[in-house]
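Listed here are the chains, written in short residue letters.
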Amino acid sequence: MDDPRDELKAGDAERADAPDFEALAPPEEAVHGDRTRDDFLDAVLALDSPATAGEVADLAGHGVDAAREYLSWFERMGVVTKATNSPATYERNQEYLNWRRVQRLRREYTTEELIGLLEEESERATALRREFDADDPTDVAIAARAEATDRSVEAVWERLAAWQTALRRVALLERALAAESGDAADRRSAV
């Protein structure tokens, strides 16, 4: 490589004012960190009720203007839906997220593996239905069940949460298998 022309070379005075490169942050630190989009995505995925752009901005740790831009983009993508117009509030679109989970299941597992997972989760849901002698987790009064079975409220709540999780997994696995078989129509779970 050729030396630069003389007028492009730093003189003695310029060299004396050179930055202290050791004091600068290493390049990996300067480019490392969560991207703004990811911060906003994490914020909207954490929503359990409609939120304004300001509330989403607070959750994400960024400005309101950026929140509005990302919320508009997420709305176009289907990640969030607008709940109200004035003030504009947004909520996470659970159906979109379920669709993404189904697509991921189809990509990561074979039909045989999906069937095996469905059998496991169906058995778990059936066992929990029998344990609670109820058709649905929402039919169980947690405090009354805890008192009747001499268990803690927390223990009963954890078992009910496990039942709800098993039911959600059954529904997602059934949708993945339905899509796998060419029947992409959403179906309700049989469990």
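To keep things clear, this report deals only with the structure shown in the data block. What you see is a predicted model; the values in this text were computed from it and never measured.

Moving on to helix 5 (residues 64-77). When the terminal C-alpha atoms of helix 5 are compared, their 20 Å separation across 14 residues agrees well with the 20 Å that a helix rising 1.5 Å per residue should span. Along helix 5, the positions that sit buried rather than exposed are Ala67, Leu71 and Phe74. For helix 5, the arc enclosing every buried residue in end-on projection is 65 degrees, short of the 170-degree limit, so these residues lie on one face. Turned more than 90 degrees away from the buried face of helix 5, the exposed residues are Asp65, Glu69 and Arg76. The inward-facing, buried residues of helix 5 contact helix 3 (36-45), helix 4 (53-60), strand 2 (80-85) and strand 3 (88-92). Within two residues after helix 5, Gly78 carries a phi angle of roughly 100 degrees, on the positive side.

The next point concerns the nonpolar core. By size, the foremost hydrophobic cluster in this structure holds 17 residues, and its most contacted members are Phe40, Val44, Val56, Leu71, Phe74, Val79 and Val80. If you list the elements that add at least two residues to this core, you get helix 3, helix 4, helix 5 and helix 6 (94-108). Of all the elements, helix 4 adds the most residues to this core, at four residues. Not counting chain neighbours up to four residues away, the residues in contact with Val79 comprise Leu41, Val44, Phe74, Glu91, Arg92, Asn93 and Tyr96. One finds Ala125, Leu128, Val140 and Leu160 within the second-largest nonpolar core, a separate group that totals eleven residues.

This next bit is on the packing of aromatic side chains. Counted by the stated rule, this structure contains six aromatic pairs. Between Tyr70 and Phe74 the ring centres are 6.1 Å apart and the planes differ by 45 degrees, which places this aromatic pair in the tilted class. Of this pair, Tyr70 and Phe74 both sit in helix 5, four residues apart, which is roughly one turn of that helix. Each member of the aromatic cluster is reached from another via a ring pair, and the members are Phe40, Tyr70, Trp73 and Phe74.

Turning next to the pairing of strand 3. Walk down a regular strand and you will see the side chains alternate between the two sheet faces. Bridging between strand 1 (residues 51-52) and strand 3 involves two bridges; their strand directions are antiparallel. Residue pairing across strands places Thr52 opposite Thr89, the latter belonging to strand 3. Examined bridge by bridge, strand 2 and strand 3 share five bridges and lie antiparallel to one another. Across the sheet, the residue bridging to Lys82 is Tyr90, located in strand 3. In this structure, the hairpin formed by strand 2 and strand 3 is closed by a connection of two residues.

Their axes nearest at 8 Å, the elements helix 3 and helix 4 cross at an angle of 115 degrees. At the point where helix 3 passes helix 4, the crossing takes the right-handed sense. Packed against helix 3, whose contacting residues are Asp39, Phe40, Ala43 and Val44, the element helix 4 presents Val56, Ala57, Leu59 and Ala60 at the interface.

Attention shifts here to helix 6. Relative to the 21 Å expected for 15 residues at 1.5 Å per residue, helix 6 spans 21 Å between its end C-alpha atoms, a close match to the ideal helical length. Inspection of helix 6 places Tyr96, Leu97, Asn98, Val102 and Leu105 among the buried residues, and these make up the whole buried set. For helix 6, the N-terminal cap is Asn93; the gap from its side-chain oxygen to the backbone nitrogen of Glu95 is 3.2 Å.

On to the environment of Thr138, then. Along the polypeptide, Thr138 turns up in the loop between helix 7 (111-132) and helix 8 (142-149). Each C-alpha atom of the pair Thr138 and Gln164 lies 8.9 Å from the other, and the pair is 26 residues apart in sequence.

Reading the values: rules and limits
- Numbering of residues starts from 1 in every chain and runs along the sequence as written.
- The predicted nature of this model means local features are confined to residues of pLDDT at least 70 and side-chain atom pairs, given and counted, to a pLDDT of 80 or more, with totals for whole chains, interfaces and linings taken over all residues.
- Water and hydrogen atoms were dropped before computing side-chain values, which therefore reflect all heavy atoms in the structure.
- Each helix corresponds to a stretch of at least 4 residues labelled H or I by DSSP, and each strand to a stretch of at least 2 residues labelled E; elements are numbered beginning at the N terminus.
- Residue count minus one, scaled by 1.5 Å, sets the expected span of a helix.
- Only protein chains enter the accessibility calculation, which uses a 1.4 Å probe; a residue whose area is less than 20% of its type maximum is buried, one above 50% is exposed, and one in between is partly exposed.
- Along the arc lie the directions from the helix axis toward the C-beta atoms.
- When checking whether two residues touch, look at their non-hydrogen atoms; a contact exists if any pair is within 4.5 Å.
- Residues grouped as a nonpolar core are buried Ala, Val, Leu, Ile, Met, Phe, Trp, Tyr and Cys residues, joined through side-chain atoms within 4.5 Å.
- Stacked, tilted and edge-to-face pairs are distinguished by plane angle, under 30 degrees for stacked and over 60 for edge-to-face with tilted covering the rest, among Phe, Tyr and Trp rings (Trp via its six-membered ring) whose centres lie within 6.5 Å.
- Whether two strands pair comes down to DSSP finding at least two bridges between them.
- Axis definition: a line fit to C-alpha positions, over the contact stretch in the case of helices; interaxial angles, taken between N-to-C directions, run 0 to 180 degrees.
- When the near helix sits turned anticlockwise from the far one by under a right angle, the crossing is termed left-handed; a clockwise turn instead gives a right-handed crossing.
- Pairing of N or O atoms within 3.5 Å defines a polar contact, subject to two protein rules: one partner must be a possible hydrogen donor and the other a possible acceptor, and residues neighboring in sequence count only if both atoms are side-chain atoms.

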